[in-house]
Amino acid sequence: MAIITAEHLTLGYDSQAIIKDLHFSVNAGDYLCIVGANGSGKSTLMKTLLSLQPPMSGTIRFGDGLKQNEIGYLPQQTVVQRDFPASVREIVLSGCQARCGLRPFYNKEEKALAEQNMERMSITHLADRCYRELSGGQQQRVLLARALCATRKVLLLDEPVSGLDPKVTAEMYQLIKDLNKEGITIIMISHDIDAALNYSSHILHIGEHIFFGTRDQYLHSKTRRMFLEEEKGGEA
Amino acid sequence: MDKIGLYLQYPFVRYALIVGVLIALCSSLLGVTLVLKRFSFIGDGLSHVAFGAMSIAAVLNLTNHMLLVLPITVLSAILLLRTGQNTKIKGDAAIAMISVGALAFGYLIMNIFSTSSNLSGDVCSTLFGSTSILTLSIWEVVLCIVLSLAVVVIFVLFYHKIFAVTFDESFAKATGIKADQYNLLIAVVIAVIIVLAMNLVGSLLISALVIFPALSAMRMFGSFRAVTICSAVLSVICAFLGIMISIVAGTPVGSTIVAVDVAAFAICYVIGRFGKKA
Ligand SMILES: Nc1ncnc2c1ncn2[C@@H]1O[C@H](COP(=O)(O)OP(=O)(O)OP(=O)(O)O)[C@@H](O)[C@H]1O
Ligand SMILES: [Mg+2]
């Protein structure tokens, strides 16, 4: 059974539609890549999945016992204030906040979970460092660890590798793939079609033509061919 | 030293110290959040609203100004936050409108209806803080203690939630934290603090009391907890020193405290610049 199902989804701002009549569904354990040109509405779709923004029409259903607050989220280049004083540990722990409900303080399990996720992202040695003094790649790891604290099931990643160098990018992709192997469903926005095809199980292509299907279907689809031609045309 | 000991024997000096230190503590606690959320201007706007309310209360000859000023300021805090979020009108423009409007309105009312012979003195003391902190009644001291305790307790209980909402509001919302409710809570608490602080430094200098300790602490520390604790400690020390100096030297209380805060900021800036960040 699908954990997320979108039907007849129309998204936009101020009654101006950006994406029309979108259908897709995500099963537990999937690795879905969302691709498309700048401004095609990828981030908007993700915000809608997170209920940060209502859809203009259509529905998103969560199934299989997935609750809305069980989704981990890695934002696209958070404009976290540049001078925000926060240590890595404080940020990772804040991912557990939703579990707390009204309880004012973190309990032992949540603290252990934060430590464990820092371990997983190999940032334990940075735990007491100030976030604003870290490199871009390290910051992404911190935010990923925070997202992992918020979920055991689904991760939504909005361009997790933008601004990272090729080596760190490859590490990041590997990290995400490993998480997927551990059973976490991944929904990732990416500009890097090659990587998307390399790692994902499903592709959602947003643009003039919407495509949703498995990776293999996408490889042979018309959308991809047209997209490739467009890109070539753009480069020429 | 002897002189200070002598002064401390007077109850009004003790009252002033208790109230001053508590207010400084409260305003510094939320100062960090306000500065980081780029909300510092809300403090400014609200203090002007409180000034307007204060002048109405003065004209109506209410025995207890707080009863009118507190609800009006809390209400405006909620309104300001709403307009800042929902409309396309720039939030800071709305705040500028309301605050300047309230300021002018308050002065107008005082001018037309006031029976006081020393009008400009009254206005000046509402704006820049008066010696009224030295003439506090026991009732005001108790109210201040109760409200500050409430602020501190709320802050401690919601510390982690305030952090989450301040650091990354959309992540907080996405994971199901009711960020709007906490923003509302922050606004209400700020309104309470501002009304309290008006007695101490007057409505024009409140922003200084809220912002300076936070900015000073941010020069020196890199974690939210350390910054919060440091700004609370700094603010309390500065308020204590400021009140003592003003009593001994006979300077205006509010401006003296702010001057000490500015000096502390300069010291922290130098330490942060040349020392190693903790
Ligand atoms: N808050 C907003 N109000 C109005 N329009 C918006 C808003 N945010 C985005 N848009 C518009 O919606 C469209 C889609 O934006 P979105 O951020 O979803 O694109 P994207 O696919 O994520 O692009 P990118 O690859 O650059 O991240 C754009 O045309 C943008 O101008
Ligand atoms: Mg985007």
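Please refer to the structure higher up on the page.
Computed from a prediction, not measured in an experiment: that's the story for all the values here.

Novice: When you look at the sheet that holds strand S2 (residues 16–27) of chain A in this model, what are you seeing that I'm missing?
Specialist: Remark on secondary structure: sheet strands pair via backbone hydrogen bonds, oriented parallel or antiparallel. All names here are of chain A. Strand order in the open sheet formed by three strands is S2-S1-S4, with antiparallel pairing between adjacent strands. Among the strands making up the open sheet, the edge pair consists of S2 and strand S4 (57–62). Between one strand axis and the next, the sheet turns through 15° on average, direction left out of account. Relative to S4, strand S1 (residues 2–13) runs antiparallel, the two sharing five bridges. Opposite Thr 10, over in S4, you have Ser 57 as the bridge partner.

Novice: Mind showing me how you'd approach the pairing of strand S8 (residues 202–205) of chain A here?
Specialist: Looking along a regular strand, one sees side chains alternate from face to face of the sheet. Residue and element names in this part refer to chain A. Both faces of S8 are covered, namely the face carrying His 202 and Leu 204 and the face carrying Ile 203 and His 205. In this sheet, S8 lies alongside strand S3 (residues 31–35) in parallel orientation, the contact comprising four bridges. Bridge assignment links Cys 33 to a residue of S8, and that residue is Ile 203. Sheet topology places S8 next to strand S9 (residues 211–214); four bridges connect them, and they run antiparallel. Counted as the bridge partner of His 202 is Thr 214 from S9. Between S8 and S9, which pair antiparallel one after the other, the connecting turn spans five residues.

Novice: I keep staring at helix H8 (residues 159–167) of chain B and nothing clicks. Help me out?
Specialist: Because each turn of an α-helix spans 3.6 residues, side chains separated by three or four positions in sequence point in the same direction. Of all nine residues that make up H8 of chain B, nine are buried, and the element is covered over most of its length. Within H8 of chain B, the full set of buried residues consists of Tyr 159, His 160, Lys 161, Ile 162, Phe 163, Ala 164, Val 165, Thr 166 and Phe 167 of chain B.

Novice: What's the story with the nonpolar core in this structure? I'm lost.
Specialist: Most often, soluble globular proteins have nonpolar side chains that are buried together. Membership of the largest hydrophobic core comes to 116 residues, with the highest contact counts inside it found for Val 92, Ile 123 and Leu 155 of chain A. Counting residues per element, this core draws most heavily on helix H10 (residues 179–201) of chain B, which supplies 12 residues. When sequence neighbours within four positions are dropped, the list of residues in contact with Val 92 of chain A reads Ala 114, Met 118, Ile 123, Val 142, Ala 145, Arg 146 and Cys 149 of chain A.

Novice: What's the story with the pattern of salt bridges in this structure? I'm lost.
Specialist: Residues and elements named next belong to chain A. Tallying each qualifying case throughout the model produces 12 salt bridges over all chains. With its nearest N and O atoms 2.4 Å apart, the salt bridge here joins Arg 120 to Glu 182. Here Arg 120 is found in helix H4 (residues 108–120), whereas its partner Glu 182 is found in the loop between helix H6 (166–181) and strand S7 (185–189), with 62 residues between them in sequence. When its relative accessible area of 30% is taken as the criterion, Arg 120 is described as partly exposed.

Novice: When you look at the site of ligand 1 in this model, what are you seeing that I'm missing?
Specialist: Residue and element names in this part refer to chain A. In the neighbourhood of ligand 1, 13 residues make up the surrounding shell, with Asn 38, Gly 39, Lys 42, Ser 43 and Thr 44 lying closest. Contact distances for ligand 1 include 3.1 Å between a nitrogen atom and a side-chain N or O atom of Tyr 13. With respect to ligand 1, the side chain of Asn 38 contributes an N or O atom lying 2.9 Å from an oxygen atom. Of all the elements, helix H1 (residues 42–49) adds the most residues to the shell around ligand 1, at three residues. Across the shell around ligand 1, the residue classes break down as three nonpolar, eight polar and two charged.

Novice: Just to check I follow, could you spell out the packing of aromatic side chains for this structure?
Specialist: The geometry of an aromatic ring pair is captured by the separation of the ring centres together with the interplanar angle, meaning the angle of the planes. Scanning all chains against the criterion turns up 14 aromatic pairs over all chains. On the basis of an interplanar angle of 40° and a centroid distance of 5.7 Å, the ring pair of Tyr 159 of chain B and Phe 224 of chain B is categorised as tilted. Taken together, the residues span a long stretch of sequence, with Tyr 159 of chain B in helix H8 and Phe 224 of chain B in helix H12 (residues 224–249) at a distance of 65 residues. Relative accessible area serves as the criterion here: at 13%, Tyr 159 of chain B is assigned to the buried category. Here Phe 224 of chain B falls in the buried class, since its relative accessible area comes to 1%. Aromatic side chains Phe 265 of chain B and Tyr 269 of chain B sit 6.3 Å apart centroid to centroid with 35° between the ring planes, which places their arrangement in the tilted category. Here Phe 265 of chain B and its partner Tyr 269 of chain B are both found in helix H13 (residues 253–274), four residues apart, which amounts to about one turn of the helix. Classification of Tyr 269 of chain B by relative accessible area gives partly exposed; the value is 38%. Connected via pairs of aromatic rings, a cluster forms that spans Phe 84 and Tyr 131 of chain A together with Phe 155, Tyr 159, Phe 163, Phe 167 and Phe 224 of chain B. The residue whose ring lies beneath Arg 146 of chain A is Phe 171 of chain B, and the NZ or CZ to ring-centre distance is 3.7 Å.

Novice: Teacher, can you tell me more about the sheet that holds S9 of chain A here?
Specialist: Residues and elements named next belong to chain A. Read from one edge of the open sheet, six strands run S5-S6-S7-S3-S8-S9, paired in mixed fashion. Either end of the sheet is taken by a strand with one partner, and the two such strands are strand S5 (71–74) and S9. Geometrically, the sheet is characterised by an average inter-axis angle of 15° between neighbouring strands, direction not taken into account. Where S3 meets S7, four bridges bridge the pair, whose relative direction is parallel.

Novice: Sorry if this is basic, but what is going on with the interface of chain A and chain B here?
Specialist: Many authors give the size of an interface as the accessible area that is lost as the parts come together. Across the boundary between the two partners, chain A contributes 36 residues, which contact 30 residues of chain B. In total, about 2700 Å² of surface goes out of reach between chain A and chain B, with carbon and sulfur atoms giving 63% of it. Where chain A touches chain B, the interface holds one salt bridge. Going through the elements one at a time, S5, helix H2 (88–94), helix H3 (97–100) and helix H5 (136–150) of chain A are the ones with two or more residues in the side of chain A that touches chain B.

Calculation notes
- In this convention, every chain numbers its residues from 1, walking through the sequence in written order.
- Chains carry letters and ligands carry numbers; both start at the beginning, A for chains and 1 for ligands, and go up in the order they are written.
- Given that the model is predicted, a residue must reach a pLDDT of at least 70 before its local features are reported, and side-chain atom pairs must reach 80 or more before they are shown or counted; all residues, however, enter totals for whole chains, interfaces and linings.
- Just so you know, side-chain values use all the structure's heavy atoms and leave hydrogens and water out.
- Two strands are said to pair when DSSP picks up at least two bridges between them.
- The secondary structure listing takes helices from DSSP runs of H or I that are at least 4 residues long and strands from runs of E that are at least 2 residues long, numbered from the N terminus.
- Helix axes are fitted only over the stretch in contact, all axes being lines through C-alpha atoms; the angle between N-to-C directions runs from 0 to 180 degrees.
- Residue exposure (1.4 Å probe, protein chains only): buried if accessible area is under 20% of the type maximum, exposed if over 50%, otherwise partly exposed.
- The criterion is simple. A nonpolar core is a set of buried Ala, Val, Leu, Ile, Met, Phe, Trp, Tyr and Cys residues joined through side-chain atoms within 4.5 Å.
- In what follows, residue pairs with any heavy atoms lying within 4.5 Å of each other are defined as contacts.
- What makes a salt bridge here is a side-chain nitrogen of Lys or Arg within 4 Å of a carboxyl oxygen of Asp or Glu, nothing more.
- Neighbouring residues are identified by heavy atoms, a residue being near a molecule or strand if any of them is within 4 Å of it.
- Two N or O atoms form a polar contact when they lie within 3.5 Å of each other; inside protein one atom must be a possible hydrogen donor and the other a possible acceptor, and for residues adjacent in sequence the pair counts only when both atoms belong to side chains.
- Basically, the charged four are Asp, Glu, Lys and Arg, the nonpolar ten are Ala, Val, Leu, Ile, Met, Phe, Trp, Tyr, Cys and Pro, and anything else, Gly included, counts as polar.
- Ring geometry is summarised as follows: Phe, Tyr and Trp rings, the Trp one being its six-membered ring, pair when their centres sit within 6.5 Å, and such pairs are stacked at plane angles under 30 degrees, edge-to-face over 60 and tilted between the two.
- As a reminder, the over-ring test applies to NZ of lysine and CZ of arginine, requiring each to be within 6 Å of the ring centre and within 35 degrees of the ring normal.
- A quick way to say it: buried area is the sum, across both parts, of accessible area lost when two parts are put together, with a 1.4 Å probe.

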